[in-house]
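Examination of the molecular architecture
One-letter residues, chain by chain:
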Amino acid sequence: MSLGSTTESQPGRIEQQASDVCISGDWTLLHYAKLKQVVAHAGEVPANTSINLQALGVLDTAGAALLVELLGTERLLRISDWAPDLPEARKALLETVAEALSEPLNPPTPPKAPVTDFLARVGAGTEDFWQQFTALLGFIGLTLEAFAATVFRPSRWRLAALAMHIKQTGVDTIPIIALLTFLVGAVVAFLGATVLGEFGAGIYTVNLVGFSFLREFGVVLAAIMLAGRTASAFAAHIGSMKANDELDAIRVLGLNPIELLVLPRVLAMVITLPILAFVGMIGGLLGGLMVCLLVLDISIAQYFAILHRDIPVHHLWVGLSKAPVFAFVIAVIGCLEGFKVTGSARSVGEHTTSSVVQSIFVVILLDAVAALFFMEMGW
Amino acid sequence: MTREAKTLIQIRGLANRFGKLVVHENLDLDIHQGEILGVVGGSGTGKSVLLNCIVGLQKPSAGQVQVLTEHLQHPHTIPQTLDLACPFGVLFQHGALFSSLTVQQNVALPLIEQASLERDDAEHLARLKLAMTGLPPEAALKYPAELSGGMIKRTALARALALDPEVLFLDEPTAGLDPVGAAAFDELILTLKNALGLTVFLVTHDLDTLYTACDRVAVLENKRVLVADRLPVVAAHDNAWIQSYFHGPRGRAARRAADSLENS
């Protein structure tokens, strides 16, 4: 073996010499692709051919697997008989690999049936949707039950947790909501100035901004922001706790995870979202004011005078009345998705995404229903 | 089997400090080629930190870890493009399997990424490694979340062995396994070590593992390696921790078991 001194690795070779087959060179992972061709080219070695492994260089499991493929498991399991002078370690490696390969390696694959598979998927999807829906209703029930159980017992109020969640979901979110609604308010006012200005009704831009933000945009934008920012945080936090068996630990200690984890979050959201919605309305009105001031030459005093004259205060109440409902739904969906997490990191990711998608969807759906309702009621 | 001990990994003057916490100070240790070195020590003596230092996950505050590449069995088979990480395989304590990949994909990943194999070839070899670590073929398509503790360890071992490393690092391989499973795992490590010519660095608390598998034992105590030698020599050391470790009730039981195994 002169290989020890060379630095370059020689890929393995198979040579036919008179009556026996000589296998030489390095049989390693590095040369796998080439060796596979060599083995395929050589074809099957007849059982009675004698094999010469003396010139074999370096061998690893990948190479050994190919040798097993070439020579067959039967022969390599009996390697001590026909190559007794091979080093012990090498014989052990070839035997181990041959033994592993003597059992079928491929996992059983279920037969495919496209049509029934499709139907099964549709069925599973429908069932899954129904289960999600009932799970949400059940979870809402559990939350309300926990609320009812604690509301008249101040000793079980978790004020520290509540205050922390109010800070995280509410106070920390004020700047981004103010900025966001300010910009959207400016955009709405621009649209109004452009479209209404063509009819010489540019002054109604004020009404447009006022109506849209007090009734819809203030609360919807704040809710969507919280759905993206807070529902995901709830799902990821509770999901990681679930993956770490912390929820089971809470139950085993005789505590109620709903009361401990869900209730403070839900209550914090119900308290903060109306405030954030109000901040959003003010932000939108200020954005509108800026555009009116700069583009339409409406003075600040005039802007507020028009708002005061044309927009009754009940629009504000209509807008704000939706906030606690949205808050409740967003928080419950976020927490529920956290509870649905199973073990793995991937599951945490999936349920976090799902919490955001679901809560935004539900917010918009409820808003549409509410808009219809308020319109029919003439409020 | 007598063999001249060739040092494969040489650690000299290693220090690890995390702020005010000093974990290692002036630590020396040699890992010999072809041995199973058991590393023991009380909780917090920095066994895992030492492992991380050797494999390069943690940069030591001082000192050096040198891999004597001329003592690798096949130094010339390491492609130049790969890091030195390649002759090392690591089994983490909790497996650290990628939870979004199936068992088979977990093992095939290094083969595809590092050895640039085709997916089919890589998965074939992955299934071979899984069979070598004693997993049934049905397990190949499962996700880590569906596996039992023992199967996770076996899969992680198969992944650590994917690139045919020369040195295998095991961080508490039998922790969390039942005694039968742990014994089977010790057996598996011995078998694979003999078949693949591995050098094994084994962090453990498990006395049975020490008695059945390890050639030498290194004891971490007081920020350095107190003693690293064959087990009877280590057990005879008069340090208080070593005495209570090897001669406490669990130590005595493990030695009795090992003795009766040898006598039978």
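Our structure is the block above this text.
To keep things clear, this report deals only with the structure shown in the data block. (Residues numbered from 1 in each chain as written. Chains lettered and ligands numbered in written order. Predicted model: local features only at pLDDT ≥ 70, side-chain atom pairs only at ≥ 80, totals over all residues. Heavy atoms only, no water.)

**Quick word on the pattern of salt bridges**
- Within the structure shown, the criterion is met by 18 salt bridges over all chains.
- In this structure, the salt-bridge partner of Glu350(A) is Arg346(A), at a minimum N-O distance of 4.0 Å. On the criterion of helical spacing, the pair formed by Glu350(A) and Arg346(A) is a turn pair, its members being four residues apart in helix H14 (residues 345-377).
- For Glu350(A), a relative accessible area of 46% puts it in the partly exposed group.
- Across the pair Asp30(B) and Arg12(B) runs a salt bridge, and its minimum N-O distance is 3.1 Å. Of this pair, Asp30(B) sits in strand S2 (residues 21-32) while Arg12(B) sits in strand S1 (residues 7-18), and the two are 18 residues apart along the sequence.
- By relative accessible area, which is 22% here, Asp30(B) ends up partly exposed. (Salt bridge = Lys/Arg side-chain N within 4 Å of Asp/Glu carboxyl O. Helix = DSSP H or I, 4+ residues; strand = E, 2+ residues; numbered from the N terminus. Buried < 20%, exposed > 50% of the residue type's maximum accessible area, 1.4 Å probe, protein only.)

**A look at the interface of chain A and chain B**
- Taken together, the contact pairs 32 residues of chain A with 29 residues of chain B.
- A combined buried area of about 2500 Å² lies between chain A and chain B, and 70% of that area is made up of carbon and sulfur atoms.
- If you sort the residues of chain A by the area they bury against chain B, Leu29(A), Thr61(A) and Leu105(A) come out on top, with a joint share of 23%.
- Where chain A meets chain B, there are one salt bridge.
- In this structure, Lys36(A) and Asp121(B) form a salt bridge, with 2.5 Å as the shortest nitrogen-oxygen distance.
- Between chain A and chain B we count three residue pairs in polar contact (both at pLDDT 80 or more) in total.
- Elements supplying a minimum of two residues to the side of chain A that touches chain B: helix H1 (32-42), helix H2 (61-71), helix H5 (88-102) and H14 of chain A.
- Looking at the side of chain A that touches chain B element by element, the count peaks at seven residues for H5(A).
- The residue inventory of the side of chain A that touches chain B, partitioned by class, reads 18 nonpolar, eight polar and six charged. (Contact = heavy atoms within 4.5 Å. Buried area = accessible area lost by both parts, 1.4 Å probe. Polar contact = N/O pair within 3.5 Å; in protein donor to acceptor, adjacent residues only side chain to side chain. Nonpolar A, V, L, I, M, F, W, Y, C, P; charged D, E, K, R; others polar.)

**Some remarks on the packing of aromatic side chains**
Residue and element names in this part refer to chain A.
- Following the criterion strictly, the structure yields eleven aromatic pairs over all chains and no others.
- When the ring of phenylalanine 213 is compared with that of phenylalanine 217, the centres are 5.5 Å apart and the planes differ by 90°; the resulting orientation is edge-to-face. Taken together, the residues span about one helical turn, with phenylalanine 213 and phenylalanine 217 both in helix H9 (residues 205-243) at a distance of four residues.
- Phenylalanine 217 gets classed as partly exposed once you look at its relative accessible area, which sits at 33%.
- Each residue in the set Phe373, Phe374 and Trp379 is aromatic and connected to the rest through ring pairs, giving one cluster.
- In this arrangement the basic side chain of arginine 265 is found over the ring face of phenylalanine 234, its NZ or CZ atom lying 5.4 Å from the centre. (Phe/Tyr/Trp six-rings, centres within 6.5 Å; stacked < 30°, edge-to-face > 60°. Lys NZ or Arg CZ within 6 Å of the ring centre and 35° of its normal.)

**Considerations on the nonpolar core**
- Counting residues in each nonpolar core, the largest one holds 85 residues, and the members touching the most others are Ile23(A) and Phe246(B).
- Top contributing element to this core by residue count: H2(A), with eight residues.
- Once you skip the residues sitting within four places of it in the chain, Ile23(A) turns out to touch Arg13(A), Ile51(A), Asn52(A), Leu53(A), Ala55(A), Leu56(A), Leu67(A), Leu70(A) and Leu71(A).
- Counting 60 residues, the second largest nonpolar core, distinct from the first, contains Val206(A), Leu221(A), Ile306(A) and Ala327(A). (Core = buried A, V, L, I, M, F, W, Y, C linked by side-chain atoms within 4.5 Å.)

**Digging into the sheet that holds S2(B)**
Residues and elements named next belong to chain B.
- One open sheet holds the three strands; their spatial order is S2-S1-S4, and the pairing between them is antiparallel. On the outer flanks of this sheet lie S2 and strand S4 (62-67), each paired with one strand and no other. Strand after strand, the sheet turns through a mean of 15° between neighbouring axes, direction not considered.
- As paired strands, S1 and S4 are joined by five bridges and run antiparallel to one another. (Pairing = 2+ DSSP bridges. Axes fitted to C-alpha atoms, helices over the stretch in contact; angles between N-to-C directions.)

**Structural notes on helix H1 (residues 47-55) of chain B**
Residue and element names in this part refer to chain B.
- In terms of burial, H1 is a largely internal element, seven of the nine residues being buried.
- Looking only at H1, the buried set comprises Lys47, Val49, Leu50, Leu51, Cys53, Ile54 and Val55.
- Two residues or fewer past H1, glycine 56 is found with a positive phi of approximately 95°.

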